[in-house]
Amino acid sequence: MAHGCVFAMVNLANMLTLGPKKCRDYSRAVELLKMAMAKDDPEAFNMMGLCYREGRGVPQDDAEAFRYYKLGYEKGAGPVSAYNLGRCYYLGRGVDKNPDIAKKLFKEAEDGGFPVQFLSDSNK
């Protein structure tokens, strides 16, 4: 149990979501993320977006993924949230496609140290 430490909650949720398959527990990860979101942790919102995008512990829902990615981004989750939000705009997942917004978010992610690899340099 994370015992109220938001950093520990989010890190444990990350491991339970993305770690080795034998350690994965999506339901527990979602519980931890909800507790961390109740404490307004930006990374928790971003991780919840991933859960909705992939249907891990919650039903797969692109609109909910976008909503949580956007909340994480607005709360300051950093370059990975800019990338995730940009990806939604680029692919039209949970939001209408908007390449201009996607390019700005991808640039922000790259400037923050998060590599944007699935696009060629001419598409950024």
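As the structure is a prediction and not an experimental result, all values here were calculated from the model.

Reading the values: the criteria
Residues numbered from 1 in each chain as written. Predicted model: local features only at pLDDT ≥ 70, side-chain atom pairs only at ≥ 80, totals over all residues. Heavy atoms only, no water. Helix = DSSP H or I, 4+ residues; strand = E, 2+ residues; numbered from the N terminus. Rg over C-alpha atoms; globule rule 2.2 N^0.38 Å. Buried < 20%, exposed > 50% of the residue type's maximum accessible area, 1.4 Å probe, protein only. Contact = heavy atoms within 4.5 Å. Areas by Shrake-Rupley, 256 points an atom, 1.4 Å probe, with all protein chains shown as cover. Lys, Arg positive; Asp, Glu negative; His and termini not counted. Charge placed at Lys NZ, Arg CZ, Asp CG, Glu CD. pLDDT = per-residue confidence, 0-100. Salt bridge = Lys/Arg side-chain N within 4 Å of Asp/Glu carboxyl O. Expected span 1.5 Å × (residues − 1). Core = buried A, V, L, I, M, F, W, Y, C linked by side-chain atoms within 4.5 Å.

On to the overall build of the protein chain, then. Per the secondary structure count, the protein chain includes six helices and zero strands. Traced from its N-terminal end to its C-terminal end, the protein chain shows the element sequence α-α-α-α-α-α. What you see for the protein chain is a C-alpha radius of gyration of 14 Å, in line with the 14 Å of a compact globule of 124 residues. Across its three principal directions, the C-alpha atoms of the protein chain cover 45 × 25 × 25 Å. A burial count over the protein chain gives 38% of its 124 residues as buried. For the protein chain, restricting intrachain contacts to residue pairs at least 6 apart in sequence, the fraction spanning at least 24 positions comes to 43%. Carbon and sulfur atoms provide 50% of the accessible area of the protein chain, an area that totals close to 6700 Å². Looking at charge distribution, the protein chain has the averaged site of its 18 positive side-chain charges lying 4 Å from that of its 16 negative ones.

As a further point, take the confidence of the model for the protein chain. For any part of a model where pLDDT is low, the fine detail of the predicted coordinates should not be relied upon. For the protein chain, per-residue confidence averages 92 on the pLDDT scale, and 91% of positions sit at 70 or higher. Predicted confidence for residues 120-124 stays below pLDDT 50, and this span has six contacts to residues more than four positions away or in other chains.

Following the sequence through the fold, Arg56 ends up in the loop between α3 (42-54) and α4 (62-75). This buried residue, Arg56, is left without a salt bridge; Glu54 holds the nearest opposite charge, at 4.3 Å. In contact with Arg56, other than residues within four places in its own chain, are Thr17, Leu18, Tyr26, Val30 and Cys51.

With that out of the way, let us pick up helix α5 (residues 79-91). End to end, α5 covers 18 Å across 13 residues, agreeing with the expected 18 Å (1.5 Å per residue, within 8%). All of the buried residues along α5 are Ser81, Ala82, Tyr83, Asn84, Leu85, Gly86, Cys88 and Tyr89. Just beyond α5, the residue with positive phi is Gly92, at close to 70 degrees.

Quick look at the nonpolar core now. Core analysis: the largest hydrophobic core is formed by 33 residues, its most contacted members being Leu33 and Met48. If you list the elements that add at least two residues to this core, you get α1 (6-18), α2 (26-38), α3, α4, α5 and α6 (99-111). At seven residues, the largest contribution of residues to this core is made by α3. Leu33 has contacts with Ala13, Ala44, Met47, Met48 and Cys51, leaving out every residue within four places of it along the chain.

Now for the side chain of Thr17. Relative to the assigned elements, Thr17 resides in helix α1. Setting aside its immediate chain neighbours within four residues, Thr17 contacts Arg24, Tyr26, Ala29, Met47, Leu50, Cys51 and Arg56.

For the structure shown, the criterion picks out six salt bridges. Across the pair Arg67 and Glu64 runs a salt bridge whose closest N-O atoms are separated by 3.1 Å. Of this pair, Arg67 and Glu64 both sit in helix α4, three residues apart, which is roughly one turn of the helix. Among the residues examined, Arg67 registers a relative accessible area of 37% and is labelled partly exposed.

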